[in-house]
Amino acid sequence: MQQLSWRDSAVREALSHIKQHKPFCYGLTNYIAANLSANVLLAVGAGPAIGAVFDWQKVFGSHASAVWVNAACLMSNTAGEVRQAAQAAHHAGVPWVLDPVAVGAGAVEYDRVVQGLLEFRPTAIRGNASELIALAGGEGGGQGVETTLASQEALPTIQAFSRRLGCITAVSGPTDYITDGDRTIFVEGGDARLTQVTGAGCSLGGLIAAFLSTSADPLTAVAAAHVVYAQASERASSARGTGSFAVSFLDHLSLLDPHEA
Amino acid sequence: MQQLSWRDSAVREALSHIKQHKPFCYGLTNYIAANLSANVLLAVGAGPAIGAVFDWQKVFGSHASAVWVNAACLMSNTAGEVRQAAQAAHHAGVPWVLDPVAVGAGAVEYDRVVQGLLEFRPTAIRGNASELIALAGGEGGGQGVETTLASQEALPTIQAFSRRLGCITAVSGPTDYITDGDRTIFVEGGDARLTQVTGAGCSLGGLIAAFLSTSADPLTAVAAAHVVYAQASERASSARGTGSFAVSFLDHLSLLDPHEA
Amino acid sequence: MQQLSWRDSAVREALSHIKQHKPFCYGLTNYIAANLSANVLLAVGAGPAIGAVFDWQKVFGSHASAVWVNAACLMSNTAGEVRQAAQAAHHAGVPWVLDPVAVGAGAVEYDRVVQGLLEFRPTAIRGNASELIALAGGEGGGQGVETTLASQEALPTIQAFSRRLGCITAVSGPTDYITDGDRTIFVEGGDARLTQVTGAGCSLGGLIAAFLSTSADPLTAVAAAHVVYAQASERASSARGTGSFAVSFLDHLSLLDPHEA
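Residues numbered from 1 in each chain as written. Chains lettered and ligands numbered in written order. Predicted model: local features only at pLDDT ≥ 70, side-chain atom pairs only at ≥ 80, totals over all residues. Heavy atoms only, no water.

Once that is clear, we can look at the interface of chain A and chain C. Listed as interface residues are 30 residues of chain A and, on the opposing side, 28 residues of chain C. The largest share of the area that chain A buries against chain C comes from A:L42, A:F54 and A:W56, three residues that together contribute 24% of it. One can count zero salt bridges joining chain A with chain C. Counting the contacts that link chain A with chain C gives eleven residue pairs in polar contact (both at pLDDT 80 or more). (Contact = heavy atoms within 4.5 Å. Buried area = accessible area lost by both parts, 1.4 Å probe. Salt bridge = Lys/Arg side-chain N within 4 Å of Asp/Glu carboxyl O. Polar contact = N/O pair within 3.5 Å; in protein donor to acceptor, adjacent residues only side chain to side chain.)

Here is the structure:
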C-alpha cells in the first residue's frame, strides 16, 4: 500500500493544474453543505456551479469538466433530476463523484434511489466506513450521517467493491484509504475537528471532482484531493474553536502553494 | 420566578450529558439556517441530521434522540413531509421542538399550516414575542421574521398557552422566559448582535432539542439551552463586527467546559 | 460619466437611512447564497426574509420595502412562485431587483424563464458582463456562473438595454458601471477575492434592494450599494485567505459608519 502526502510532487502538480485551468465543476448537493462546497472549490481555483434548475443538470452535467453528486441533494432535488445529472456526465464521458451520504442509516427508500445511481458508473465514490459498507451491500449501521466504524474496517469491502464496479472508492477517517481495487493509497494527517464542521465531508466530494477534471491518473487525483484536505486542516489546527477552525481551514486551502519549498 | 445561569450545576450537567452521549438530533429547518444549526449542534457534541428525503422524516423522526421543526422549512419541504416528522416524533415519544418562525406576519395560509402542527404536541415551542403571541391566537404583529414586541410582553400569554397545550414555551429577548405554565425560568445575558446573525434563533431550536434528548426535567433542559446560548454569545462579545461575532460565538459554544471552575 | 465613492455624502446618507429605518427586504435566492445574503442585509441594519412558502411571495412581495429575486432561486422555487413575488412587487409599486445569475451559460429553458421575469419591470438588474449581455439578447458566453467578459465590454449593451426597459442596470467587475441609459455612474475599488466568496455577487442583489427601499434617486441608490460593497471589501483586504476575507468583509460591512470623518 502506497502513501501519498503533501511532499509528493504528484499532489502539487495536480493542485497547480487546477489553479491554472480553473475547471468548471458542477454539483448537486444538499443545502446544508452547498455554501461550504462552493467555497472549497473557489479556494483552490476551480469554478463551481451547484443545483438542479430546469435543464442545468443536462447541460452543465455534460459540459462541466467534472461533476459531483452528494446523495442528500435529494432533500431538494427529485430522483429524476439527480439521475439526469449522473446520466449526462456518464454519457458525455465527464468524470463524476458520488457521495452516498447517510446510506445505511435505516431509510430504505432513500438507500434504494442512491443505489440506483451506480447504474451511471461513477468515476469515484467517497464516504465514511458505514456508508460505503452499506452501499456495497453490507451492514454499515451508521447513525444519521455519522459512521459507527473506523475507516480501515471498510478497506477489504471497498477494494472488492471497486474491482466489481470498476470505480475508485475512498473512505474517510483518521487515515483515508483510496483504492481502485488493485492499487490502494493511504493518506494520513488532518484534524479531527473537520468532523465538527458540517458539510466538510460533502465538500470533499466537490474537491475530488476538481482533481479528477485535470488528471490523467484518476486514483492519484482522488488521493491528492484527500492530501490537500488533510494538509489544509492540519495547518488550521491552531484554531481555538470549531468556528475559527472552519475559517482557517478555508484560508489554508486558498493559501496552499503548489510551488512552496 | 427562578433564574438559571451558567453558575448552576444543572446547566453544566446537561451540557456534560450531551458531550458524553452525543445524541442524534434530527431537524427540518430552512436552508438559510441549516448550516449554522448543524454547526451549533456539532459544537456542543451532538450529531445532527437535517432535511426531508423520502423516508428520512419517518425513520429519523422516530429514531432520533430528539427532533426540531423550524416552520420555515416549508420553503423546501411540503406540509406533508413536515407533518410526517412531527407525527413520527410524537408517536415514538421522541421529544420535539417547534419554532413557529414568522407566524403572525400576515401570511395566512402559512400560519394555518404551522398551527396544524400543534396537533402533534410539541414538547417545547420557541420563538420571539410576536410569533408566540400570534401562535397563541393573539395579534403578534411581527414584520417578516422580526418581532415588534419585547419578550416580557409575551409572558402572560405563553404561560396560559403552555398550560392549555401541556408544553414548554420559551420566548427569546434580552431576557428569555421559559415556562411550562406553572413554573417559569428566566435567563439573562447574551449579546444583542446574535440577532444580526441570520439563523441564530433558528439554531437555538436545534440546541433545545439536544438538551431535551438527555434530560429528565424538560423545563430545565430548555432553559439550559438558553443559558448555554447566552453564555457563548457573551464570551464572543469582544468580536469587532457581525462576521467575526458569529465565528467567535461558535468557537465559545464548542469551548464551553462543563467542568470549568 | 460620474464616479461615486465612499467620500460622497449621498452614499453615507443612503446607508444612514437604512440603519435608521431598518427596511424589511424580501428575497428569493438560491440556497448557496441565502445565508450570506441575509447576513449582508443584517450587517447594514436591514431586516431580511428569504424564501417562498405558500403565500409569503404574495404577502411579503407586496408588503416589503423592497424585493430581490436571484434567478437561481429556481433551484428550489417553481417558476410560478418566482413570478408571484415579482408580480406582487410590481403591482404594489415595491422596488425590486433582478439578478439573472448564470443566464447565457447554455441552459435554454432556464434562460427563457428568467427572460420572462422582465415582464414585471424590475427597478434594477444586476449581474456580470456575460449574464447581462445574454439577458439583453446578445451572446454573453458565460461559463456556469462565471463571466468570460470584462465589465466595460457590457457597457454599451446595458445602456441601450436600460433605455429600452426603463430600468437601472448594473454590471460588476473591477470597475462597476451603473446606468439608467442616460446617466452612468462608475464605482472603483473593492477586492478581487470577493469573487472567491460564493454568493457575494448574489448578496449584492439584496443590498441593492435595501438601498432602493430608502432612496428617492434609484440610480444613486444602486450605485451606493456598490460603493458600500467595494468599501467593505477593500477594508477586508488584509485578510490572509478566502475564509477570513469573507468574515472580515461582513465585519467591515457592519462597522461602516455613515458619520465617520
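Right, let's talk about helix α2 (residues 34-44) of chain A for a bit. Residue and element names in this part refer to chain A. Of all the eleven residues making up α2, ten are buried; the element is thus mostly covered by neighbouring parts of the structure. A34, L36, S37, A38, N39, V40, L41, L42, A43 and V44 are the residues of α2 that are buried. One or two positions beyond α2, positive phi appears at G45, with a value near 105°. (Buried < 20%, exposed > 50% of the residue type's maximum accessible area, 1.4 Å probe, protein only. Helix = DSSP H or I, 4+ residues; strand = E, 2+ residues; numbered from the N terminus.)

Moving on, we come to the relation of the copies chain A and chain C. The transformation that overlays chain A on chain C combines an axial shift of 0.0 Å with a rotation of 120°, and the residual RMSD is 0.0 Å. The superposition operator between the copies reduces to a three-fold rotation axis. Taking C-alpha positions as the reference, the residue of chain A nearest the rotation axis is A:Y31, at 3.4 Å. (Least-squares fit on C-alpha atoms with pLDDT ≥ 70 in both.)

Taken together, the contacts link 29 residues of chain B with 28 residues of chain A. Together, the buried faces of chain B and chain A total about 2300 Å²; carbon and sulfur atoms form 63% of this surface. For the chain B face of the interface with chain A, the top three residues by lost area are B:L42, B:F54 and B:W56, together amounting to 24%.

Attention shifts here to the relation of the copies chain B and chain A. Mapping chain B onto chain A calls for a rotation angle of 120° and an axial translation of 0.0 Å; the resulting RMSD is 0.0 Å. Interface residue correspondence from chain B to chain A reaches only 7%, placing this contact among heterologous pairings that use different surfaces.

All names here are of chain A. Evaluation of the coordinates by the stated rule reveals twelve salt bridges over all chains. In this structure, R193 and D191 form a salt bridge, with 3.4 Å as the shortest nitrogen-oxygen distance. Across this residue pair, the class does not change: R193 and D191 are buried.

In this structure, A:Y110, B:Y110 and C:Y110 are the most contacted members of the largest nonpolar core, which totals 319 residues. The residues touching C:Y110, leaving out its near neighbours within four places in the chain, are A:V53, A:F54, A:D55, A:W56, C:A71, C:A72, C:L74, C:V101, C:A102 and C:V103. (Core = buried A, V, L, I, M, F, W, Y, C linked by side-chain atoms within 4.5 Å.)

The next subject is empty space enclosed by the protein. Considering all chains together, one arrives at one cavity of 30 Å³ or more under this definition. Roughly 840 Å³ of internal volume is contained in the largest cavity. Around the largest cavity sit 39 residues that line it, and A:N35, A:V247, B:N35, C:N35 and C:V247 are the ones nearest its centre. For the lining of the largest cavity, the elements supplying multiple residues, two or more each, are α2 and α10 (242-255) of chain A, α2 (34-44) and α10 (242-255) of chain B together with α2 (34-44) and α10 (242-255) of chain C. (1 Å grid on protein atoms, 1.4 Å probe; cavity = no way out; pocket = protein on both sides within 12 Å on 5 of 7 lines; lining within 4 Å. Points joined across faces, edges and corners; volume = space filled by probe spheres on them.)

Below, the discussion takes up the packing of helix α8 (residues 200-213) of chain C against helix α9 (residues 218-235) of chain C. All names here are of chain C. Relative orientation of the contacting elements α8 and α9 amounts to 135°, with a least axis distance of 8 Å. Overall, the two elements α8 and α9 adopt an arrangement that is oblique. As for how α8 packs across α9, the hand of that crossing is right-handed. Residues A200, S203, L204, L207, I208, F211 and L212 of α8 touch α9, and the partners they reach there are P218, A221, V222, A224, A225, H226, V228 and Y229. (Axes fitted to C-alpha atoms, helices over the stretch in contact; angles between N-to-C directions. Parallel < 35°, antiparallel > 145°, perpendicular 65-115°, else oblique. Left-handed = near helix turned anticlockwise from the far one by under 90°.)

Here we take up the side chain of B:N70. All names here are of chain B. Here N70 is to be found in strand β4 (residues 66-70). Polar contacts involving the side chain of N70 include one to the side chain of D99, which spans 3.5 Å. For N70, the contacting residues outside a window of four places in its chain are L28, T29, N30, D99, V101 and C202.

Let's shift gears to the packing of α2(B) against α10(B). Residues and elements named next belong to chain B. For the pair α2 and α10, interaxial distance at closest approach is 7 Å and the crossing angle is 30°. Judged by the angle between their axes, α2 and α10 are roughly parallel. Helix-helix and strand crossings are classified by hand; for α2 and α10 the assignment is right-handed. For the pair α2 and α10, contact is made by L36, N39, V40, A43 and V44 and by F249, L250, L253 and S254, respectively. Looking at the contact of α2 with α10, its residues break down into seven nonpolar, two polar and no charged. (Nonpolar A, V, L, I, M, F, W, Y, C, P; charged D, E, K, R; others polar.)

Further remarks concern the packing of aromatic side chains. Aromatic rings considered in pairs are described by the distance between their centres and by the relative angle of their planes. Scanning the entire structure with this criterion turns up 18 aromatic pairs over all chains. A ring pair is formed by B:W56 and B:F60, whose centres lie 5.1 Å apart and whose planes are at 45°; its orientation type is tilted. With B:W56 and B:F60 both in helix α3 (residues 56-63) and four residues apart, the pair spans about one turn of that helix. For B:W56, a relative accessible area of 1% corresponds to the buried category. Looking at B:F60, the relative accessible area reads 2%, which means it is buried. Taken together, A:F24, A:Y26, A:W56, A:F60 and C:Y110 form an aromatic cluster joined through their ring pairs. (Phe/Tyr/Trp six-rings, centres within 6.5 Å; stacked < 30°, edge-to-face > 60°.)

A separate point is the pairing of strand β3 (residues 47-50) of chain C. All names here are of chain C. The two faces of β3 match: G47 and A49 on one face and P48 and I50 on the other face are all buried. In terms of strand pairing, strand β2 (residues 24-28) meets β3 through four bridges, oriented parallel. When the sheet's bridge partners are listed, G27 is paired in β3 with I50. This β-α-β element, β2 to α2 to β3, shows right-handed connectivity. (Pairing = 2+ DSSP bridges. Right-handed = clockwise from strand over helix to strand, strands pointing away.)

The predicted model of chain A averages 96 in pLDDT, with 98% of residues at 70 or higher. Interface predicted TM-score (ipTM) for the complex: 0.96; the corresponding pTM is 0.97. (pLDDT = per-residue confidence, 0-100.)

All names here are of chain A. Pairing in this open sheet of nine strands is mixed, and the strands run β1-β9-β8-β7-β6-β5-β4-β2-β3 from one edge to the other. One side of each edge strand has no neighbouring strand; the edge strands of this open sheet are β1 (2-3) and β3 (47-50). Pairing between strand β2 (residues 24-28) and strand β4 (residues 66-70): four bridges, direction parallel. Paired with Y26 across the two strands is V67, which belongs to β4. Contacting β2, β3 and β4, helix α3 (residues 56-63) crosses the sheet at an angle of about 140° to β2.

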